[in-house]
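Examination of the molecular architecture
Listed below, chain by chain, are the residues.
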Amino acid sequence: MLVPEFKLSQNDTHVTVQIRLPYVKVTSAEFYIESNMFKFYLKPYLLSLGFEKRLKEAEEPSKAVYYHEKHLLSVDLEKENKGEYFENLNLISSLLEKK
């Protein structure tokens, strides 16, 4: 499995994960959102992130859009507590650690 290139950002209600996915069939993507974990799978990519704060549990993200010309999947994950600030989103290695 490959860990895809990704970026994180946030606003008051959501954490946005932008995943670079060249040459894939995005309709086969699978998401897992529970507590403070987000997992994304699309062969050959696997992205597993553990946040310090909780996400709203859901079977699917609140919004996911694929920008074909940029090969970019933008995924919005709803925060459990609106207005809460997720710290250390720039510390990629700590988010990728097994929790």
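Notes on the structure follow. Starting afresh in each chain, residues are numbered from 1 along the sequence in its written order. With the structure being a predicted model, the display of local features is reserved for residues of pLDDT at least 70 and the display and counting of side-chain atom pairs for 80 or more, all residues being used for whole-chain, interface and lining totals. Side-chain measures here rest on the full set of heavy atoms in the structure, leaving out hydrogens and waters.

1. Observations regarding the overall build of the chain
Helix and strand definitions follow DSSP, with helices as H or I runs of at least four residues and strands as E runs of at least two, each counted in order from the N terminus. When helices and strands are tallied, the chain shows one helix and seven strands. What you see in the chain, going N to C, is helices and strands ordered as β-β-β-β-β-β-β-α. As a reference, a globule follows 2.2 Å times the number of residues to the power 0.38, and the radius of gyration itself is taken over C-alpha atoms. Here the chain has a C-alpha radius of gyration of 13 Å; the compact-globule value for 99 residues is 13 Å, and the two agree. Here the C-alpha coordinates of the chain stretch approximately 35 × 25 × 20 Å along the principal axes. Each of the 99 residues in the chain was classed as buried or not, and the buried ones make up 35%. Throughout, exposure labels follow a simple rule: accessible area from a 1.4 Å probe, protein chains only, divided by the maximum for the residue type, with under 20% read as buried, over 50% as exposed, and the rest as partly exposed.

2. Structural notes on the pairing of strand β7 (residues 72–78)
Counting buried residues along β7, six of its seven residues qualify, which places the element largely inside the surrounding structure. Here, strands pair whenever DSSP counts at least two bridges between them. With seven bridges connecting them, strand β2 (residues 14–20) and β7 associate as antiparallel partners. In the strand pairing of β7, Ile19 is matched with Leu73. Sheet topology places strand β6 (residues 63–67) next to β7; five bridges connect them, and they run antiparallel. Pairing of Lys63 across the sheet is with Asp76, part of β7.

3. Considering the nonpolar core
Here, nonpolar core refers to any group of buried Ala, Val, Leu, Ile, Met, Phe, Trp, Tyr and Cys residues whose side-chain atoms link them within 4.5 Å. Counting residues in each nonpolar core, the largest one holds 23 residues, and the members touching the most others are Leu8, Val17, Ile19, Phe38, Phe40, Leu49 and Phe51. Elements represented by at least two residues in this core include exactly β1 (6–10), β2, β3 (30–34), β4 (37–42), β5 (45–50) and β7.

4. Let's talk about the pattern of salt bridges
Any Lys or Arg side-chain nitrogen located within 4 Å of an Asp or Glu carboxyl oxygen qualifies as a salt bridge. For the structure shown, the criterion picks out four salt bridges. Arg54 is the salt-bridge partner of Glu80, the closest N and O atoms lying 3.1 Å from each other. Linking Glu80 in the loop between β7 and α1 (92–96) with Arg54 in the loop between β5 and β6, this pair joins segments that are 26 residues apart in sequence. Residues joined in a network through salt bridges with shared partners are Arg54, Glu57 and Glu80.

5. What to know about the sheet that holds β5
Two orientations exist for strands paired in a sheet by backbone hydrogen bonds: parallel and antiparallel. Judged by pairing direction, the sheet is antiparallel, and its three strands sit side by side in the order β3-β4-β5 without closing on themselves. Of all strands in the sheet, those bounded by a partner on one side alone are β3 and β5. Strand-to-strand, the axes of this sheet are offset by a mean angle of 5 degrees, without reference to chain direction. With six bridges connecting them, β4 and β5 associate as antiparallel partners. Across the sheet, residue Leu42 finds its bridge partner in β5, namely Tyr45. Lines fitted to C-alpha atoms define the axes, with helix axes restricted to the stretch in contact, and inter-axis angles between N-to-C directions lie between 0 and 180 degrees.

This is a description of form; function is not addressed.
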